[in-house]
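In case you want the letters, here they are:
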Amino acid sequence: MRTLFFCSVLIIAYCFTMAQTKNDSIEFQLTYEKAYNLRNINPDSSMLLINKLVKISQLAGKKEWMAKSFNLKGVVHYKKNEYLKSFVELEKALKYTNNDELKGKIFINLGNTLSDMGYTYSAIEYYQEAIRVFHKVNNQKFLVRALMNLASEEFGIGQTINARNHLKLALYYAKEYQMLEEEAMCLNNLSAMFIHSGLIDSASHYIYQSFNAYEQTENYFGLADAYLTSIELHLEKHELNYAKSLIDLADSIIDHLQYLEGKKLLTSEKVNYYLYCNDFHNASKYFNLYLQLEDSLNKRKNQSKNILMPTIQTPTNGEKTRTPIYFSFFQLVLIFVFSVSIFVFILKNYRNVKE
């Protein structure tokens, strides 16, 4: 009878625990999807939901949930140009996860943060590590994203041919696997590369294809970037009316998103626009505003760099750092002392028992 009662209690407790775990899992997934979908549209609302995700993960004791929450939190901080906060949250995420795919995503996000802080070569290492991981797990979507980001960094340091090749490879994969958002980003980035190389006709071929894709995916940060690229294109072609229309559209989107980096770039395009129009008063006004925005962004990046300088680590591909000899010797002495202490304690205890 006692055995039956004991087994019944165990079964009830097990069922209750499984039901609670399932409820926690459903709540986490639904909240995560809402937060993820809001990351580009309304970062502040997304952040509130992410804080809720962290609490759910802590109460459930799920490390992988914690990793996903901190990764998304790092992404949202990055969207808000809060680079130090982004780096800290992404480092937390990396410590909590053992999942290869999530590690690859975190590598990409760390690369993005370090890139915007000016650590170009560290960013390249993270992107290359992400490409290796996504090849291994056969995740084409994030392989495309890693290739795009690697191409952007390579272009920034003058490796133009490598950059175009990696970006065209990313575009091929995006079209092959019907990845609309990734395709839009590839098109936008290729257009920007061709503009900077002076190949205006090639740039026109790519940029207009990206607008519709961004709108369908509701990626308004991406749409703002595409508008900035198109504004630059129309100014290069001296099509000032088209450029002004796009400036007004980009202005409203960027202000709504509080996209500080985009605001700086748009202000630069306004300076160029008014110079083309021979309106030197407005050109001067927006140039002063551009300097203020650049100063604000640089201060934020430098603050992050000063704090992060001693702590930044890049992927080492399995290499281990060597422990200094004096530290190893100290460890051996410490182990010896503890061993002797434990032996003496056991011996005394043995004698007391014998007595």
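Below: a short report on this structure. All figures in this text were calculated on a predicted structure; none of them were measured in a lab. (Residues numbered from 1 in each chain as written. Predicted model: local features only at pLDDT ≥ 70, side-chain atom pairs only at ≥ 80, totals over all residues. Heavy atoms only, no water.)

## Some points on the overall build of the chain
Item 1. The helix and strand tally for the chain stands at 15 helices and 0 strands.
Item 2. In the chain, of all internal contacts separated by at least 6 residues, the share reaching a separation of at least 24 is 58%.
Item 3. Summing over all exposed atoms, the chain offers an accessible surface of approximately 20700 Å²; the carbon and sulfur share of this is 56%. (Helix = DSSP H or I, 4+ residues; strand = E, 2+ residues; numbered from the N terminus. Contact = heavy atoms within 4.5 Å. Areas by Shrake-Rupley, 256 points an atom, 1.4 Å probe, with all protein chains shown as cover.)

## Observations regarding the packing of aromatic side chains
Item 1. All chains considered together, the criterion is met by 15 aromatic pairs.
Item 2. With centroids separated by 6.1 Å and ring planes inclined at 20 degrees, the aromatic side chains of Phe28 and Tyr32 adopt a geometry described as stacked. Of this pair, Phe28 and Tyr32 are both found in helix H1 (residues 2-38), 4 residues apart, which corresponds to roughly one turn of the helix. For the residue pair Phe28 and Tyr32, the accessibility class agrees, reading buried in each case.
Item 3. Aromatic ring contacts, followed pair by pair, group Phe28, Tyr32, Tyr36 and Trp65 into a single cluster.
Item 4. Stacked on the ring of Tyr32, the Lys or Arg Lys68 has its end atom at 4.3 Å from the ring centre.
Item 5. A cation sits over an aromatic face here: Lys79 above Phe221, 5.2 Å from the ring centre. (Phe/Tyr/Trp six-rings, centres within 6.5 Å; stacked < 30°, edge-to-face > 60°. Buried < 20%, exposed > 50% of the residue type's maximum accessible area, 1.4 Å probe, protein only. Lys NZ or Arg CZ within 6 Å of the ring centre and 35° of its normal.)

## As for unusual backbone geometry
Item 1. Residue Glu218 is not a glycine yet carries a positive backbone phi of 60 degrees.
Item 2. Despite not being glycine, Asn278 shows a phi value in the positive range, around 60 degrees.
Item 3. Within the fold, Asn278 resides in the loop between helix H13 (260-276) and helix H14 (280-308).
Item 4. On the basis of relative accessibility, which here comes to 55%, the residue Asn278 falls in the exposed class.

## Thoughts on the side chain of Asn109
Item 1. Take Asn109: it is sitting in helix H5 (residues 100-116).
Item 2. Apart from residues lying up to four places away in sequence, Asn109 is in contact with Asn71, Val75 and Leu90.

## What about the packing of helix H11 (residues 220-236) against helix H12 (residues 240-257)?
When two helices pack together, their arrangement is given by the angle between their axes and by how far apart the axes lie.
Item 1. The interhelical angle for the contact between H11 and H12, taken along N-to-C directions, is 155 degrees, at an axis separation of 9 Å. Classified by the angle their axes make, H11 and H12 are roughly antiparallel. The crossing of H11 and H12 is left-handed. Mapping the contact onto sequence places Tyr220, Phe221, Leu223, Ala224, Tyr227, Ser230, Ile231, His234 and Leu235 in H11 and Leu240, Tyr242, Ala243, Leu246, Ile247, Leu249, Ala250, Ile253, Ile254 and Leu257 in H12.
Item 2. Residue composition of the contact of H11 with H12, grouped by class: 17 nonpolar, 2 polar and no charged. (Axes fitted to C-alpha atoms, helices over the stretch in contact; angles between N-to-C directions. Parallel < 35°, antiparallel > 145°, perpendicular 65-115°, else oblique. Left-handed = near helix turned anticlockwise from the far one by under 90°. Nonpolar A, V, L, I, M, F, W, Y, C, P; charged D, E, K, R; others polar.)

## Some details on helix H7 (residues 140-156)
Because each turn of an α-helix spans 3.6 residues, side chains separated by three or four positions end up pointing in the same direction.
Item 1. Compared with the 24 Å implied by 1.5 Å per residue over 17 residues, the 25 Å span of H7 between its first and last C-alpha is a close match.
Item 2. The buried fraction of H7 amounts to 13 of the 17 residues, a majority that puts the element mostly inside the structure.
Item 3. Among the residues of H7, the N-terminal cap falls to Asn139, whose side-chain oxygen and the backbone nitrogen of Lys141 are separated by 3.3 Å.
Item 4. A positive backbone phi angle near 90 degrees is found at Gly158, which sits one or two residues after H7. (Expected span 1.5 Å × (residues − 1). Polar contact = N/O pair within 3.5 Å; in protein donor to acceptor, adjacent residues only side chain to side chain.)

## Some words on the environment of Ala170
Item 1. Of note, Ala170 is situated in helix H8 (residues 160-176).
Item 2. Each C-alpha atom, one on Ala170 and one on Glu183, is 8.2 Å from the other, the two residues being 13 residues apart in sequence.
Item 3. Ignoring any residue separated from it by four or fewer positions in sequence, one finds Ala170 in contact with Val144, Leu147, Met148 and Cys186.

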